[in-house]
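Chain by chain, the residues:
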Amino acid sequence: MMKNRKKASWPVKMLAAVCAAVLLFAPVRTQAAGWTAQPLPAASVDTTLGDARYINPAWMKQKVTVSYNGQDWVAGLNAFADMPVRLTNTDGKIAVQFLDTSLFQSYFGAINVQLTAMTAQNSAPIYDNGAGSYILQNGQFHYEARPEMVQWLSNTLSNAIYAGPCKDISIELTADLLTVVSGSSDLVLSPDFVLSGSCTTSYATSGKNRSNNIAVAASRLNNMVIMPSQTVSVSDTILPRTRANGYLEAGVYLNGVHTTGLGGGVCQVSSTVYNAVMNAGLTVTERKQHSMPVSYLPLGLDAAIAAGSKDLKFRNDYTTPVVLQAVTANKKLTVNVLVLNGELNGRTYKLWAQQENSLAAKSYLTTYQNGQEVSTVFIASSKYKPLRESGE
């Protein structure tokens, strides 16, 4: 058991944007005296986490603790009281769905700032099988909590509220919950890591802001090492689309129309990643098409992201790490996926789509063995609405 653990509050600047206080001590565990949940007035209700009409206010007296190597980051759950949630009556209990996880993202973002300082180091192996296959970090790098930790906190709190008894939530950041982040460094791979999947899209007609957003999002995916069984959320990895995170106003699809919003253009990044990882044989666990057609890929091959509602998620089901590269040059975005050659054994993959009409397509994945087609499987049907501009 670790002793003399340090406690760190969520950095003040982060807290100022979120809540008035952070608990740095064990909360009072008494239940709200005489509290009884009001029945939901409808099948589901959109409210906030701190709505004491339906959620026991004693939850706001609990705390969440994230720990690493003797360091504790502690926040009272009241810091998240204003998070929007959807409550549903499920078998007589309240089921909680978080509609916006940006406060959880800020919490882990603040932790990652301190993890960066704690774990910064130079040149170390990320993977080495001792037989000539390796991935080395050449230069400065550090560790951060994986983006999936945001979803972990969402799921854990939702499950705990559904179960009933109010309790603290805690987790230790072990190696499998951390990801390597490059600073000014590069990855060095052994030659047996080969290009398995790739996709290039053009943004030649994009303005300065949209081009900026594509470059910013791509930089956060570039040189990502995806460990075996790791699931990647593109939306979480590229960070919330805010000015503080480097994003600018550009064209977006919103509520069935083409308008402007912060981060416009990042869906081109997620769509390009979608094709690359499918072509590399990775497992896509979540993908949603846009509401309207996009110009940079054929119908059925796009992948939209929108905070809280749409995401691209994929998993590495190989037994060794894979590397994702995302680079921008000459108004083109290229995403490559590098896989250990021994994992492929002559297999290659190709994602493609068959257009049914101007607003619908079906997508398929074909597998080849040594260049010969061995199977084609249906992936998804994608249906779109006609493009509408804001104000039409």
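Let us look at the structure shown here.

### Focus: the side chain of Ser 206
Right, so step 1: The residue Ser 206 is located in the loop between β12 (193-202) and α4 (208-221) in this model.
Right, so step 2: A residue is classified by how much of its surface remains accessible, and Ser 206, at 11% relative accessible area, is buried.
Right, so step 3: In terms of polar contacts, Ser 206 uses its side chain to reach the side chain of Arg 210, at 2.8 Å.
Right, so step 4: Non-local contacts of Ser 206, meaning those with residues more than four positions away in its chain, are made with Ser 211 and Lys 331.

### Some thoughts on the sheet that holds strand β13 (residues 224-226)
Right, so step 1: Spatially, four strands are ordered β12-β20-β19-β13 in an open sheet, and the strand pairing comes out antiparallel. Strands with a single pairing partner mark the edges of an open sheet, and in this sheet they are β12 and β13. Within this sheet the neighbouring strands show an average axis-to-axis angle of 20°, counted without direction.
Right, so step 2: With nine bridges joining them, β12 and strand β20 (residues 332-340) adopt antiparallel strand pairing. The residue of β20 that forms the bridge with Thr 200 is Thr 334.
Right, so step 3: Along the sheet face, helix α6 (residues 266-279) touches β12, β19 (322-329) and β20 and points at about 145° away from the line of β12.

### Considerations on the pattern of salt bridges
Right, so step 1: Taken as a whole, this structure holds eight salt bridges when the rule is applied.
Right, so step 2: Among the salt bridges present, the one from Glu 286 reaches Lys 288, with a minimum N-O distance of 3.1 Å.
Right, so step 3: A salt bridge links Arg 315 to Asp 317; its shortest N-O distance comes to 2.7 Å.
Right, so step 4: Accessibility expressed as a relative area gives 44% for Asp 317, which makes it partly exposed.
Right, so step 5: The structure contains a network of salt bridges with shared partners spanning Glu 286, Lys 288 and Lys 313.

### Details of the packing of helix α2 (residues 102-119) against helix α3 (residues 148-163)
Right, so step 1: For the pair α2 and α3, interaxial distance at closest approach is 9 Å and the crossing angle is 125°. One element, α2, and the other, α3, form an angle in the oblique class. Note that α2 runs across α3; the crossing there is right-handed. Judged by residue contacts, Phe 104, Gln 105, Tyr 107 and Phe 108 of α2 engage Met 149, Val 150, Trp 152, Leu 153, Ser 154 and Leu 157 from α3.
Right, so step 2: Residue composition of the contact of α2 with α3, by class: eight nonpolar, two polar and no charged.

### Some points on the packing of aromatic side chains
Right, so step 1: Tallied over the full model, the rule gives eight aromatic pairs.
Right, so step 2: Aromatic side chains Phe 80 and Phe 104 sit 4.9 Å apart centroid to centroid with 65° between the ring planes, which places their arrangement in the edge-to-face category. Placement of the pair is Phe 80 in the loop between β4 (71-76) and β5 (84-90) and Phe 104 in helix α2, with a sequence separation of 24 residues.
Right, so step 3: On the basis of relative accessible area, Phe 80 is assigned to the buried category, the value being 0%.
Right, so step 4: Seen from their ring centres, Phe 141 and Tyr 143 are 5.9 Å apart, and the 80° between their planes marks the pair as edge-to-face.
Right, so step 5: Following the ring pairs from residue to residue traces out a cluster consisting of Phe 80, Phe 98, Phe 104, Tyr 107 and Phe 108.

### What about α3?
Right, so step 1: Taking 1.5 Å as the rise per residue, α3 with 16 residues should run 22 Å; its terminal C-alpha atoms sit 22 Å apart, in good agreement.
Right, so step 2: For α3, the secondary structure elements touched by its buried residues are β3 (63-68), β6 (93-98), α2, β8 (134-145), β9 (169-172) and α5 (234-237).
Right, so step 3: Directly after α3, the chain includes Gly 164, whose backbone phi takes a positive value near 120°.

### Structural notes on the nonpolar core
Right, so step 1: Core analysis: the biggest nonpolar cluster contains 44 residues, and Leu 221, Val 273, Phe 314 and Leu 324 have the highest contact counts within it.
Right, so step 2: Of all the elements in the fold, those that place two or more residues in this core are α4, β13, α6, β19, β20 and β21 (347-357).
Right, so step 3: The element contributing the most residues to this core is α6, with eight residues.
Right, so step 4: In terms of nonpolar packing, the next biggest core, distinct from the first, is built from 42 residues, Ile 55, Ala 81, Leu 87 and Phe 98 among them.

### Re the pairing of β6
Residues in a regular strand point their side chains to alternate faces of the sheet.
Right, so step 1: Judged by which residues are buried, β6 turns out to be one-sided: Ile 94, Val 96 and Phe 98 face inward and are buried, whereas Lys 93, Ala 95 and Gln 97, on the alternate face, are not.
Right, so step 2: For β5 and β6, the ladder comprises six bridges, and the chain directions are antiparallel. Note on β6: the bridge partner recorded for Val 85 is Phe 98.
Right, so step 3: Joining the antiparallel neighbours β5 and β6 is a turn of two residues, in which Asp 91 adopts a positive phi near 55°.

### Comments concerning the sheet that holds strand β2 (residues 44-48)
Right, so step 1: As summarised here, the arrangement of the three strands in space is β2-β5-β6, forming an open sheet in which the pairing is antiparallel. The two strands at the open ends of the sheet, each matched to only one other strand, are β2 and β6. Shown here is a sheet whose adjacent strand axes are inclined to one another by a mean of 35°, direction ignored.
Right, so step 2: α3 rests against β5 and β6 of the sheet, and its axis sits at about 165° to β6.

Parameters and conventions
- Residues numbered from 1 in each chain as written.
- Predicted model: local features only at pLDDT ≥ 70, side-chain atom pairs only at ≥ 80, totals over all residues.
- Heavy atoms only, no water.
- Helix = DSSP H or I, 4+ residues; strand = E, 2+ residues; numbered from the N terminus.
- Buried < 20%, exposed > 50% of the residue type's maximum accessible area, 1.4 Å probe, protein only.
- Polar contact = N/O pair within 3.5 Å; in protein donor to acceptor, adjacent residues only side chain to side chain.
- Contact = heavy atoms within 4.5 Å.
- Pairing = 2+ DSSP bridges.
- Axes fitted to C-alpha atoms, helices over the stretch in contact; angles between N-to-C directions.
- Salt bridge = Lys/Arg side-chain N within 4 Å of Asp/Glu carboxyl O.
- Parallel < 35°, antiparallel > 145°, perpendicular 65-115°, else oblique.
- Left-handed = near helix turned anticlockwise from the far one by under 90°.
- Nonpolar A, V, L, I, M, F, W, Y, C, P; charged D, E, K, R; others polar.
- Phe/Tyr/Trp six-rings, centres within 6.5 Å; stacked < 30°, edge-to-face > 60°.
- Expected span 1.5 Å × (residues − 1).
- Core = buried A, V, L, I, M, F, W, Y, C linked by side-chain atoms within 4.5 Å.

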